[in-house]
Amino acid sequence: MEKLIITAAICGAEVTKEMNPYVPYTIKEIAIEAYLACQAGASIIHLHVRNDDGTPTQDVDRFKEAITAIRKLCPDIIIQPSTGGAVGMSNDERLQPTLLHPEMCTLDCGSVNFGGDEVFINTENDIKYFAEKIYEKGIIPELECFGKMHVDQVNRLYKKGFLKEHLHFSFVLGVNGGMTGEERDFLFLKDSIPNHATYSVAGIGRYEFSLAELAIKHGGHVRVGLEDNVFIEKGKLAEGNADLVQKVALIAKKYGRELATPKEARRILGIKEL
Ligand code: KMH
Ligand code: ZN
């Protein structure tokens, strides 16, 4: 089996310090959380940025500062900025971090309810627009799918040539309004992607570790982090992102799955060497 790529989603756009005090807001906090996650075995940092008061932003200068600070502490880690941002942001606002030509970034592959009145909008034309902006800069997208219809959307756009190799799916399961993250859901999605594609799972809330274990067993990759889940176990808050990454590393060890270094992750994902 391929080595396991662990992505650490260290801060997200919605989770707050009130939910877990380790959620990083400032550049220094973000860089330290990234460093500790990297030390614990992560080879990719999925990156959102915040203003110092915790409000989400897609400001290109803020991303530049965060990436520079992370790079100082973890020179070879893969940094994957979000182009999802926060609900309600415009497409061009969301796309700002791509101006920095990162190696990877997210590409959200369909709309999804986010609870209450919130809808995270990604129309077919939005996806094509994001794909064009991403590929023209040579960036490898992580194809975020919140359910089966998003996977189908990727497959259609790939056949029509709007999405290209390398296809790396991320099944984000358990969102309030999206697909659940039960074993049957995981198997359905995993079996719905092309043979040559790779995938990672991101279990939201209580699905984080059960999905991680399934992906580890089946040869997939794993994303964990405070963006997705703030608990290390039921009722107990994680003491930072590294805590969550370490728990996945232990599950991987149980199944004899070695962890990929950033260099190995680049090879698996078709990213050019640094
Ligand atoms: N914060 C969500 C609205 C992504 O990073 O691309 C979008 C999100 C997905 O987190
Ligand atoms: Zn995100």
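The rules behind each value
Residues numbered from 1 in each chain as written. Chains lettered and ligands numbered in written order. Predicted model: local features only at pLDDT ≥ 70, side-chain atom pairs only at ≥ 80, totals over all residues. Heavy atoms only, no water. Helix = DSSP H or I, 4+ residues; strand = E, 2+ residues; numbered from the N terminus. Rg over C-alpha atoms; globule rule 2.2 N^0.38 Å. Buried < 20%, exposed > 50% of the residue type's maximum accessible area, 1.4 Å probe, protein only. Lys, Arg positive; Asp, Glu negative; His and termini not counted. Charge placed at Lys NZ, Arg CZ, Asp CG, Glu CD. Near = heavy atom within 4 Å. Polar contact = N/O pair within 3.5 Å; in protein donor to acceptor, adjacent residues only side chain to side chain. Areas by Shrake-Rupley, 256 points an atom, 1.4 Å probe, with all protein chains shown as cover. Core = buried A, V, L, I, M, F, W, Y, C linked by side-chain atoms within 4.5 Å. Pairing = 2+ DSSP bridges. Salt bridge = Lys/Arg side-chain N within 4 Å of Asp/Glu carboxyl O. Axes fitted to C-alpha atoms, helices over the stretch in contact; angles between N-to-C directions. Donors = N, O, S within 2.8 Å, 3.2 Å for Na, K, Ca; no water. Expected span 1.5 Å × (residues − 1). Contact = heavy atoms within 4.5 Å.

**Student:** Hey, could you run me through the overall build of the protein in this one?
**Tutor:** Within the protein one finds nine helices and 14 strands. For 274 residues, the compact-globule estimate of 2.2 N^0.38 gives 19 Å, and the C-alpha radius of gyration of the protein, at 17 Å, lies within 12% of that figure. The dimensions of the protein, computed from C-alpha atoms along their principal axes, are 45 × 45 × 40 Å. Taken across its 274 residues, the protein has 57% of its residues classed as buried. Of the charged side chains in the protein, 32 are positive and 39 negative; the average position of the first set lies 5 Å away from that of the second.

**Student:** When you look at the site of ligand 1 in this model, what are you seeing that I'm missing?
**Tutor:** With respect to spatial proximity, 14 residues lie near ligand 1, and among them E14, S82, G85, T106 and D108 are the closest. With respect to ligand 1, the side chain of H48 contributes an N or O atom lying 3.1 Å from an oxygen atom. One of the side-chain N or O atoms of E227 is found 3.1 Å from an oxygen atom in ligand 1. In isolation ligand 1 offers 300 Å² of accessible surface; the protein chains occlude 97% of this area.

**Student:** Where do I start with the nonpolar core in this structure?
**Tutor:** Side chains of a nonpolar character, in soluble globular proteins, are inclined to be buried together. Membership of the largest hydrophobic core comes to 73 residues, with the highest contact counts inside it found for L47 and F169. If one sorts the elements of this core by residue count, helix 1 (residues 27-40) sits on top with seven residues. Counting residues in hydrophobic clusters, the runner-up holds ten residues, among them M104, I140, A265 and I271.

**Student:** How should the pairing of strand 6 (residues 104-108) be read in this particular structure?
**Tutor:** A regular strand carries its side chains on alternate faces of the sheet. In terms of burial, strand 6 is largely enclosed, as five of its five residues are buried. Along strand 6, one buried face is formed by M104, T106 and D108 and the opposite face, lined by C105 and L107, is buried too. Of the strand pairs in this sheet, strand 6 and strand 9 (residues 140-145) are connected by five bridges, and their pairing is parallel. Bridge assignment links L107 to a residue of strand 9, and that residue is L143.

**Student:** Explanation requested: the pattern of salt bridges in the structure shown.
**Tutor:** In this structure the tally under the stated criterion is 18 salt bridges. Of the charged contacts, one joins K254 and E213 as a salt bridge, the two residues approaching to 3.2 Å between their closest N and O atoms. Here the residue K254 occupies a position in helix 8 (residues 241-254), and E213 occupies one in helix 7 (residues 208-218), the gap between them amounting to 41 residues. For K254, a relative accessible area of 60% gives the class exposed. With a relative accessible area of 22%, E213 lands in the partly exposed category. Residues participating in the shared-partner salt-bridge network are E144, R223, E227 and D228.

**Student:** Please explain helix 7 as it appears in this structure.
**Tutor:** For an α-helix, 3.6 residues make a turn, and residues three or four places apart therefore share a direction. Where helix 7 is concerned, the buried positions are E208, F209, L211, A212, L214, A215 and I216. G219 lies just past helix 7 and shows a positive phi near 90 degrees.

**Student:** Would you mind showing me how to read the sheet that holds strand 9 here?
**Tutor:** Sheets are built from strands that pair by backbone hydrogen bonding, the pairs being arranged parallel or antiparallel. Pairing in this open sheet of eight strands is parallel, and the strands run 5-2-1-12-11-10-9-6 from one edge to the other. Lying at the two open borders of the sheet, with one neighbouring strand each, are strand 5 (78-81) and strand 6. Sheet twist, expressed as the mean angle between neighbouring strand axes with direction ignored, is 25 degrees. In the sheet, strand 1 (residues 6-9) pairs with strand 2 (residues 44-47) via three bridges, with the strands oriented parallel.

**Student:** Help me understand the coordination of the zinc ion (ligand 2) in this model?
**Tutor:** Between any two of four tetrahedral donors, the ideal angle at the metal is 109.5 degrees; between two of six octahedral donors, it is 90 or 180 degrees. All of the protein donors around the zinc ion (ligand 2) are H46 (NE2), H48 (NE2) and E227 (OE); their distances to the metal are 2.1 to 2.2 Å. Considered as a linear motif, the donors of the zinc ion (ligand 2) on their single chain read H-x1-H-x178-E. Taken together, the residues span a long stretch of sequence, with H48 in the loop between strand 2 and strand 3 (49-50) and E227 in the loop between strand 12 (221-224) and strand 13 (231-233) at a distance of 179 residues.

**Student:** Before we go on, may I ask you to explain the pairing of strand 5 in this structure?
**Tutor:** Residues of strand 5 alternate between two faces, with I78 and Q80 on one and I79 and P81 on the opposite face, all of them buried. Here four bridges tie strand 2 to strand 5, and the two strands are oriented parallel to one another. Looking across to strand 5, one finds that H46 is bridged to Q80.

**Student:** What exactly am I supposed to notice about helix 2 (residues 60-73) here?
**Tutor:** Helix length check: helix 2 (14 residues) gives 20 Å between terminal C-alpha atoms against 20 Å at 1.5 Å per residue, within 8%. Within helix 2, burial applies to V60, R62, F63, A66, I67, A69 and I70. For helix 2, the elements touching its buried residues are helix 1, strand 2, strand 3, strand 4 (56-57) and strand 5. Of the residues that open helix 2, the one with a side-chain oxygen 3.2 Å from the backbone nitrogen of D61 is D59.

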